[in-house]
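Breakdown of the fold
These are the residues of each chain, in order.
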Amino acid sequence: MRIDVHAHYWTDDYLDLLVEFGRTDTDAQRGQGAGGGSEMDARLRLMDRAGVDMQILSAAPLLPHFTERDKAVSTARFVNDQYAAMVADHPDRFRAFAALPMPHIEESITEMGRALDELGMIGVVLNTTILNRALVEEQFAPIFDELDRRGTVLYLHPAGNSACTPLIADHHMTWMVGAPVEDTISVIQLITNGIPTRYPNIKIINSHLGGALPMLLQRIDNQYRWEAPQTPELPSVTARRMWYDTVGHGHVPALRAAIESLGADRLLLGTDFPYEAGDIFLRAIDYINDPSIDPAATKLILDGNAPTLLGIDNRGATGRSGAQ
């Protein structure tokens, strides 16, 4: 079964609610093909054309992360209800990751329970930073505790904050450079803080091949002892305790580096729809079939790893990802 783990869905109602609550960064998501109605019809036709059986939807990076508790809670409930309705309408084509009202811990744990236990979400999505704070900060530990207790999936996506540096933001590089930099920083923070070993039951999926991680892994192994001596094990070992989607914009050398550095069994098909649409969407899948890649690796990445990790069989059935 071919499952795309990196795909987005935003309705105008949800984007309008974000604007009402003060966000100013929703224009790029409008009219891109990630909404309902005719956009959904076109999306399903494209999925059929590409041979994609199912997408796991997420609202990242436009997640309900607000300083004001009431805004965060109401927006999280709104978008999770929308996602649950979409999955109910298309149970053979979609599943969804739950959005949380971060940085509000108690409320986020409550919404996690509602989304996983009542709405049937398949996991949780967070941005790689929460209002510009690193996920590994101690204040967020209760979220990891609950995710680990539930043994569920945690999908991580860049926030689009240019890694909090004007060297990226002021030079028009927020997404083409900033996003993979955010991925890189986040995954290395997870490694050096031992998150995958401290919380072994969480199935962590990182975006965009892990950013620059495949190219940096040997360097990190060589240097972590003097720069991050608290790291609990060799970083390359910890890296292989997580998973990574294949959004690499069709660049075969990047995919080969990820396979060789992280292992084909750690890679999951991702397209980044709607930002990769049309022929680019097809390329996001076809490049995994490049002749330079071992066919056994291709089969794992396209059709084996995601159904196994997510517990989805060839009929689209799934176990309760929130089971306790």
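Quick caveat: nothing in here was measured; it's all calculated off a predicted structure.

1. Looking at the side chain of Asn80
You can see Asn80 is positioned in helix H3 (residues 69-89). At 2.9 Å, the side chain of Asn80 and the backbone oxygen of Ala99 are in polar contact. The residues contacting Asn80, other than those within four sequence positions of it, are Ala98, Ala99, Glu111, Arg114, Ala115, Leu119 and Met121.

2. A few points about the environment of Gly248
Structurally, Gly248 is set in the loop between strand E9 (243-245) and helix H11 (252-262). A relative accessible area of 14% means that Gly248 is categorised as buried. In sequence terms Gly248 and Ala284 are 36 residues apart; their C-alpha atoms lie 7.5 Å from each other. Apart from the residues within four sequence positions on either side, Gly248 is in contact with Leu209 and Tyr287.

3. Description of the packing of aromatic side chains
Aromatic ring pairs are described here by two measures, namely the spacing of the ring centres and the angle between the planes. Within the structure shown, the criterion is met by 6 aromatic pairs. When the ring centre of Trp243 is taken as origin, the NZ or CZ atom of Arg266, which lies over that ring, is 4.1 Å away.

4. Focus: the UniProt feature "domain: Amidohydrolase-related" (unreviewed entry) in the protein
The feature "domain: Amidohydrolase-related" (unreviewed entry), as annotated in UniProt, sits at residues 3-312 in this numbering. The straight-line gap between the two end C-alpha atoms of residues 3-312 is 9 Å; of that span, 48% is helix and 13% is strand.

5. Structural notes on the nonpolar core
Grouped together as the largest cluster of nonpolar side chains are 99 residues, with contacts concentrated most on Ile3, Ile56, Leu126, Leu213 and Leu310. At 6 residues, helix H13 (residues 295-310) tops the list of elements feeding residues into this core. Among all residues touching Leu126, those that are not within four sequence positions of it are Leu63, His65, Leu100, Met102, Leu135, Ile143, Leu154, Tyr155, Leu156 and His157.

6. Some remarks on the packing of helix H9 (residues 213-227) against H11
Where H9 meets H11, the axes come as close as 8 Å, and the angle between the chain directions of the two elements is 40°. By the angle between their directions, the pair H9 and H11 is classed as oblique. Where H9 abuts H11, its residues Leu213, Pro214, Met215 and Leu217 lie against Ala257, Ala258, Ser261 and Leu262. Here the contact of H9 with H11 is composed, by residue class, of 7 nonpolar, 1 polar and no charged.

7. Some words on the sheet that holds strand E3 (residues 94-99)
Spatial strand order, E1-E2-E3-E4-E7-E8-E9-E10: 8 strands in an open sheet with parallel pairing. A strand with exactly one partner marks an edge of an open sheet, and here the two such strands are strand E1 (3-8) and strand E10 (267-268). In this sheet, E9 lies alongside strand E8 (residues 203-206) in parallel orientation, the contact comprising 2 bridges. Counted as the bridge partner of Ile205 is Trp243 from E9. On top of the sheet, H3 reaches strand E2 (54-58) and E3; it is set at about 170° to E3, its chief contact.

8. Focus: unusual backbone geometry
Residue Ala60 is joined to Pro61 through a cis peptide bond whose omega torsion reads 0°. Tracing the backbone shows Pro61 in the loop between E2 and H3. Along the chain, Phe273 connects to Pro274 via a cis peptide bond; the corresponding omega equals 10°. Along the chain, the position of Pro274 falls in the loop between E10 and helix H12 (278-286). The backbone of Asn132 shows a phi angle near 70°, a positive value even though the residue is not glycine. Note on placement: Asn132 falls in the loop between strand E5 (129-130) and strand E6 (133-134). A relative accessible area of 47% means that Asn132 is categorised as partly exposed. Phi at His249 takes a positive value of approximately 55°, unusual for a residue other than glycine. Here His249 lies in the loop between E9 and H11. A relative accessible area of 57% means that His249 is categorised as exposed.

9. Topic: the pairing of E2
For E2, the buried fraction is high: 5 of the 5 residues fall into the buried class. Burial along E2 is two-sided: the face carrying Met54, Ile56 and Ser58 and the face carrying Gln55 and Leu57 are both buried. As defined by bridge partners, E1 adjoins E2 across 4 bridges and the pair is classed as parallel. By the bridge assignment for E2, Ile3 is matched with Met54. Relative to E3, E2 runs parallel, the two sharing 3 bridges. Each residue of the ladder has a partner; that of Gln55, found in E3, is Phe94.

10. Observations concerning the side chain of His157
Mapped onto the fold, His157 is located in strand E7 (residues 153-157). Within the structure, the side chain of His157 is placed 3.4 Å from the side chain of His6, a separation counted as a polar contact. Apart from the residues within four sequence positions on either side, His157 is in contact with His6, His8, Ala60, Pro61, Leu126, Asn127, Thr128, Trp175, Ser207 and His208.

Conventions adopted
Positions within a chain are numbered from 1, following the residues in the order the chain's sequence is written. Since the coordinates come from a predicted model, pLDDT governs what is reported: local features require at least 70, and pairs of side-chain atoms require 80 or more to be given and counted, while whole-chain, interface and lining totals use all residues. Working from all heavy atoms in the structure, the side-chain values ignore hydrogens and water. Secondary structure is summarised from DSSP: a helix means a run of H or I of at least four residues, a strand means a run of E of at least two, and numbering begins at the N terminus for each. N or O atoms within 3.5 Å of each other form a polar contact, as long as, within protein, one can give a hydrogen and the other can take it, and as long as residues adjacent in sequence are counted only when both atoms are side-chain atoms. In this description, contact between two residues means that some pair of their heavy atoms is separated by no more than 4.5 Å. Note on classification: 1.4 Å probe, protein chains only; a residue is buried when its accessible area is under 20% of the maximum for its type, exposed when over 50%, partly exposed between these limits. Pairing of aromatic side chains here covers Phe, Tyr and the six-membered ring of Trp, requires ring centres within 6.5 Å, and sorts the geometry by plane angle: under 30 degrees stacked, over 60 edge-to-face, intermediate tilted. Each ring is checked for a lysine NZ or an arginine CZ that lies within 6 Å of its centre and within 35 degrees of its normal; such an atom marks a charge sitting over the ring. UniProt positions are given in the numbering used here, feature names are shortened, and annotations may be inferred rather than shown by experiment. We call a set of buried Ala, Val, Leu, Ile, Met, Phe, Trp, Tyr and Cys residues a nonpolar core when their side-chain atoms join them within 4.5 Å. Here an axis means a line fitted to C-alpha atoms, over the contact stretch when the element is a helix, while the angle between two N-to-C directions is reported on a 0 to 180 degree scale. In these notes the angle categories are as follows: under 35 degrees is roughly parallel, over 145 is roughly antiparallel, 65 to 115 is roughly perpendicular, and the rest is oblique. When residues are grouped by polarity, Ala, Val, Leu, Ile, Met, Phe, Trp, Tyr, Cys and Pro land in nonpolar, Asp, Glu, Lys and Arg in charged, and all others, Gly among them, in polar. A pair of strands is labelled paired if DSSP reports no fewer than 2 bridges between them.

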